[in-house]
Amino acid sequence: MSDPRQHIMPVYRPPEEVFVEGQGPYLFTEDGTRYLDFIAGIAVNALGHAHPAMVDALRDQAGKLWHTSNMFRVRGAEELADKICRDTFADRVFFTNSGTEAIECAIKSARKYHWANGREERIDIITFTGAFHGRSLGAINAGGNPKYLEGFGPALPGFVHLEWGDHEALKEAAARPTAAAVLVEPVQGEGGVRAMPDQCLIGLRKLCDEHGLVLIFDEVQCGMGRTGKLFAHDWVEGAEPDILCAAKGIGGGFPFGACLTTEACGEHMQPGSHGSTYGGNPLAMAVGNVIWDMIANDDFLAEVRRVSGTLAQGLKSLADSHPDKVEGVTGKGLLTGLKMKADPKSLQGLCRDKNLLVGVAGANVLRLAPPLIISDEHVREATGIMDAALTEWEPA
Ligand SMILES: *Cc1c(COP(=O)(O)O)cnc(C)c1O
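Given the structure is predicted, the values throughout are model-derived calculations rather than measurements.

Details of the sheet that holds strand 5 (residues 124-128)
So, step 1. An order of 4-12-11-10-7-5-6 is seen for the 7 strands of this open sheet, with the pairing classed as mixed. Edge positions in the sheet fall to strand 4 (92-96) and strand 6 (159-162), since each has one partner strand and no second. Averaged over all adjacent pairs, the angle separating strand axes in this sheet is 20°, with direction ignored.
So, step 2. Bridge count between strand 11 (residues 243-246) and strand 12 (residues 257-261): 4 bridges; the pairing is antiparallel. By the bridge assignment for strand 12, I243 is matched with T261.
So, step 3. Relative to strand 4, helix 3 (residues 75-87) is tilted by about 130°, and along the sheet it contacts strand 4 and strand 12.

Observations regarding the state of the cysteines
So, step 1. Tallying each qualifying case throughout the model produces 0 disulfides.
So, step 2. With no disulfide partner, C85 has as its closest neighbouring cysteine sulfur the one in C259, 11 Å distant.

Considering the site of the ligand
So, step 1. Around the ligand, the neighbouring residues are S98, G99, T100, F132, H133, G134, E185, D218, V220, Q221 and K248.
So, step 2. At a separation of 3.2 Å, a nitrogen atom of the ligand approaches a polar backbone atom of F132.
So, step 3. One nitrogen or oxygen atom from the side chain of Q221 is found 2.7 Å from an oxygen atom belonging to the ligand.
So, step 4. Partitioning the shell around the ligand into residue classes produces 2 nonpolar, 6 polar and 3 charged.

Observations concerning the confidence of the model for the chain
So, step 1. Averaged over every residue, the pLDDT of the chain is 97; the share at 70 or more is 100%.
So, step 2. Confidence, read as mean pLDDT per element, is least for helix 6 (residues 146-149) in the chain (95) and greatest for strand 11 (99).

Structural notes on the nonpolar core
So, step 1. Residues F38, F95, I126, I295, L338, L356 and M386 are the most contacted members of the largest nonpolar core, which totals 79 residues.
So, step 2. Per-domain counts for this core show at least three residues from each of domain 1 (4-51 + 299-392) and domain 2 (65-295).
So, step 3. F38 has contacts with L311, L356, L357, V358, R367, L368, A369, P370, I374, H378, V379 and A382, leaving out every residue within four places of it along the chain.
So, step 4. Counting 21 residues, the second largest nonpolar core, distinct from the first, contains A102, I103, I216 and C245.

Some words on the pairing of strand 2 (residues 26-29)
So, step 1. Alignment of strand 1 (residues 19-23) against strand 2, held across 4 bridges, turns out to be antiparallel. Residue pairing in the sheet places Q23 in a bridge with Y26 of strand 2.
So, step 2. With 3 bridges connecting them, strand 2 and strand 3 (residues 34-37) associate as antiparallel partners. When the sheet's bridge partners are listed, L27 is paired in strand 3 with Y35.
So, step 3. The hairpin formed by strand 2 and strand 3 contains 4 residues between the paired strands, and G32 there has a positive phi angle of roughly 90°.

Here's the deal with the pattern of salt bridges
Where charged atoms of side chains with opposite charge meet at close range, the side chains can pair.
So, step 1. Within the structure shown, the criterion is met by 22 salt bridges.
So, step 2. For the salt bridge of R5 with D3, the shortest nitrogen-to-oxygen distance reads 3.5 Å.
So, step 3. The class of R5 is partly exposed, set by a relative accessible area of 34%.
So, step 4. In this structure, the salt-bridge partner of R367 is E190, at a minimum N-O distance of 2.9 Å.

Quick notes on the rules
- Residues numbered from 1 in each chain as written.
- Predicted model: local features only at pLDDT ≥ 70, side-chain atom pairs only at ≥ 80, totals over all residues.
- Heavy atoms only, no water.
- Pairing = 2+ DSSP bridges.
- Helix = DSSP H or I, 4+ residues; strand = E, 2+ residues; numbered from the N terminus.
- Axes fitted to C-alpha atoms, helices over the stretch in contact; angles between N-to-C directions.
- Contact = heavy atoms within 4.5 Å.
- Disulfide = S-S within 2.5 Å.
- Near = heavy atom within 4 Å.
- Polar contact = N/O pair within 3.5 Å; in protein donor to acceptor, adjacent residues only side chain to side chain.
- Nonpolar A, V, L, I, M, F, W, Y, C, P; charged D, E, K, R; others polar.
- pLDDT = per-residue confidence, 0-100.
- Core = buried A, V, L, I, M, F, W, Y, C linked by side-chain atoms within 4.5 Å.
- Buried < 20%, exposed > 50% of the residue type's maximum accessible area, 1.4 Å probe, protein only.
- Domains from an automatic or database assignment.
- Salt bridge = Lys/Arg side-chain N within 4 Å of Asp/Glu carboxyl O.

In structure tokens, the structure reads:
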């Protein structure tokens, strides 16, 4: 029999299971087997699966109007942009279909800002090891991971990669006349679920102010309530960015993203500078407005912080009871995980065999990014399964 996957470009290697339905934090296969989903499409299904408010919004919009392109006004986009600018540092929003495109818009906006201010030599985007910003040519050059660049032609000029935590190199790079922006994830996702210390975020803001650089936060994974604040940088006073990229949780599974900017960084993006056929279309905006209303809410975020505490405790006791295998707990809020002493790929498989879905990330991290709507009960179920899997697990 032929492999049903034979015509899929083999850039992923998924397990055998095929999920056909979701309900809250659970996924179901064709034969009805239930899995607890603690990865949520990589931090995407913020409200879990098939949330009635999202389903209603999408159904309702689907019967009215799908698409007009940005040749025409989209009421839902205007409404959502108003809410975003009401609740964040931003004055301008560009809607995209993905996180990568939000990054592209951020890089272009930062360079355009300098160009419009007569500093066209300022093109360098400064990033750090362990970064992940997406898969377009611009984004892989920003990320700088050699594995993702290999085979795709020469590295593009205008990107500077520094060792995470190398303050001297950063000071030197920021002072160069070609420096344009610092681009950083306040909590690294793919790189190993690693939170940047508060002091470093404040330090970055100061450094950017000192040299006239644009500070860009990639909150595609760590934003939208994932750490218990609307955006991860909201934990830190004095660390507001000039540009922020959002995606993943912002659409809850409907593919869209957003590039948020201050007036100064957004005002030079004029007709002809940028665009997107689908970005901010009526379907995406119908879902996006509902999700924003739910997540950008103090009570909702307080509950995320509370359940994050329960999960952190659970992970801490797992680390305590398996000191031979677990190095410690990492991450922030509901973007968290266990740093392991060996490659956790087979541990991820063991969890799946026990009906728990988790992820992995760089530097031997077993990554968790459950829906934000989980309860203590779901946390207990997950940590119970992880405990059993850890006991069984024999690292390679
Ligand atoms: C997932 C991710 C991206 C890319 O988003 P896509 O929607 O896959 O294009 C960019 N930055 C970070 C931090 C991410 O986690």
